[in-house]
Amino acid sequence: MASFPVIDFAPFSSPTSTSLERHAVAINLDEACRNSGFFYLKGHGVPQDMLDTIRSRAIDFFRTASDSEKQSLALKPGDNARGYVKHDDPDKGSHEALDFYRPVEDCCEPFGIGQGINQWPTKPDDFLSVVEAYTDQMEALGKTVIEALALALGVDTKLFLSRVDKPFWQLRMVCYPGQTSVVRTKAGIGEHTDYGILTFLLTDATKRSLQVQGIDGEWVYADPIEGCFLCNIGDMLAEWTRGTYKSTAHRVVHTSNSPRVSIPFFFDPNWDAYIEPVLPPADGILDDKHVGVRYRDKYIEAIEQPLGNTAAFPA
Ligand SMILES: O=C(O)CCC(=O)C(=O)O
Ligand SMILES: [Fe+2]
């Protein structure tokens, strides 16, 4: 049985649904966001062949790209975010990744952090168009889920959407190498929370790799369910809801002898959006824990302290 709820999103987007049916979906999402902060999303409307195609482009890249091609895509100084990166570090864990972000309008050198130009693999010819079609679809899905959450929270939908109408999304293709040694090495990504709004994770079929921390501190596996995205709340949505929605710690501990490929799509606020709590404090008393944050400040802080610096792997 899945450790997290499986939520059918189809009735929310269907033009023939009643408002009661839409509301029921919103309430299911809201409940998951308040509890574990993780849920599986089915009925999301992203065609299966689009999921299969982007997954195969990612798998093929890590399987076939030469070292020199990877090197040519390496992160550029200044931007330090868009392109190919490899971590092989006892603390950060080991994985390689290709990172793409929402293109920046009018960007010019010298690039600030994350403000550069996406670097695309040259093979196959359709790599760029496959990623663009997918990110367009995911951007639209992210906005629709935000509408559902606004409905559940009783928040003005226009206000919520105004902070994500040009979302600074990130599409990551990650490969965790197969483990060749019987001695457990630190393959994966260390314990962290995501810093944006919502993450939609697509992976290959590998099980027992991604772990999520429960309220009791125990780690549970979040195995893939084919056809569903595994979604989780990021720090920005936790801030937006004054901590009512949970941005939950997770990590990857990859011990299989086969590689694992995952493709998180991070749906984040507009670059300049100021995210401040839309809900009053539960006890009516304001504290200085949730005071609002400008997304770009949070992003730059996160990039300067990459994932996995606080890796915590079992012995
Ligand atoms: O690869 C995964 O399953 C999750 C990766 C992740 O948590 C991240 O990139 O933030
Ligand atoms: Fe994550």
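Before reading on, note that the structure itself is shown above.
One structure accompanies this document, and this report is about it.

Quick look at the site of ligand 1 now. In the region of ligand 1, the neighbouring residues are Arg172, Val174, Ile189, Asp194, Leu201, Thr203, Leu210, His250, Val252, Ser262 and Pro264. Looking at the shell around ligand 1, the elements that each hand over two or more residues are β5 (170-176), β7 (198-203), β11 (250-253) and β12 (260-267). Split into classes, the residues belonging to the shell around ligand 1 amount to 6 nonpolar, 3 polar and 2 charged.

Right, let's get into unusual backbone geometry. Between Glu109 and the following residue, Pro110, the backbone shows a cis peptide bond with an omega angle of 0°. Checked against the element boundaries, Pro110 lands in the loop between β4 (93-101) and α5 (127-153). Here Lys123 and Pro124 are connected by a cis peptide whose omega angle stands at -10°. Relative to the elements of secondary structure, Pro124 occurs in the loop between β4 and α5. Notably, Arg242 is not glycine yet its phi reads approximately 55°, a positive angle. Examined against the element boundaries, Arg242 turns out to sit in the loop between α7 (235-240) and β11. Arg242 sits in the partly exposed class, given 18 other C-beta atoms within 10 Å.

Strand order in the open sheet made by the 8 strands is β1-β2-β10-β7-β12-β5-β4-β3, with mixed pairing throughout. Among the strands making up the open sheet, the edge pair consists of β1 (6-8) and β3 (83-89). Strand-to-strand twist across the sheet, computed as the mean angle between neighbouring axes with direction ignored, equals 25°. Lying on the sheet, helix α2 (residues 19-34) is in contact with β1, β2 (38-42) and β10 (229-233); it crosses β1 at an angle near 155°. Contacts from helix α3 (residues 48-64) reach β4, β5, β7 and β12, with the element oriented near 125° to β12.

With that settled, the discussion passes to the sheet that holds strand β9 (residues 219-221). Pairing is antiparallel in the open sheet, where 4 strands are placed in the order β6-β11-β8-β9. This sheet does not close on itself; its edge strands, each paired only once, are β6 (188-192) and β9. Mean inter-strand twist for the sheet, computed between neighbouring axes without regard to direction, equals 30°.

Compared with an ideal rise of 1.5 Å per residue, which puts 17 residues at 24 Å, α3 spans 24 Å between its outermost C-alpha atoms and is within 8% of the ideal. Burial in α3 covers these residues: Ile54, Arg57, Ala58, Phe61 and Phe62. The buried residues of α3 all sit within an arc of 120° when viewed along its axis, so they share a single face. Exposed residues lying more than 90 degrees from the buried face of α3 are Gln48, Asp49, Asp52, Arg63 and Thr64.

Locating Asp8 in the fold gives a position in strand β1. Distance in space between the C-alpha atoms of Asp8 and Asn28 is 9.1 Å, their sequence separation being 20 residues. Apart from the residues within four sequence positions on either side, Asp8 is in contact with Lys42 and Gly43.

Analysis parameters
Residues numbered from 1 in each chain as written. Chains lettered and ligands numbered in written order. Predicted model: local features only at pLDDT ≥ 70, side-chain atom pairs only at ≥ 80, totals over all residues. Near = placed C-beta within 6 Å. Helix = DSSP H or I, 4+ residues; strand = E, 2+ residues; numbered from the N terminus. Nonpolar A, V, L, I, M, F, W, Y, C, P; charged D, E, K, R; others polar. Buried ≥ 20, exposed ≤ 12 C-beta atoms within 10 Å, placed from the backbone. Pairing = 2+ DSSP bridges. Axes fitted to C-alpha atoms, helices over the stretch in contact; angles between N-to-C directions. Contact = placed C-beta atoms within 7 Å. Expected span 1.5 Å × (residues − 1). Arc of directions from axis to C-beta.

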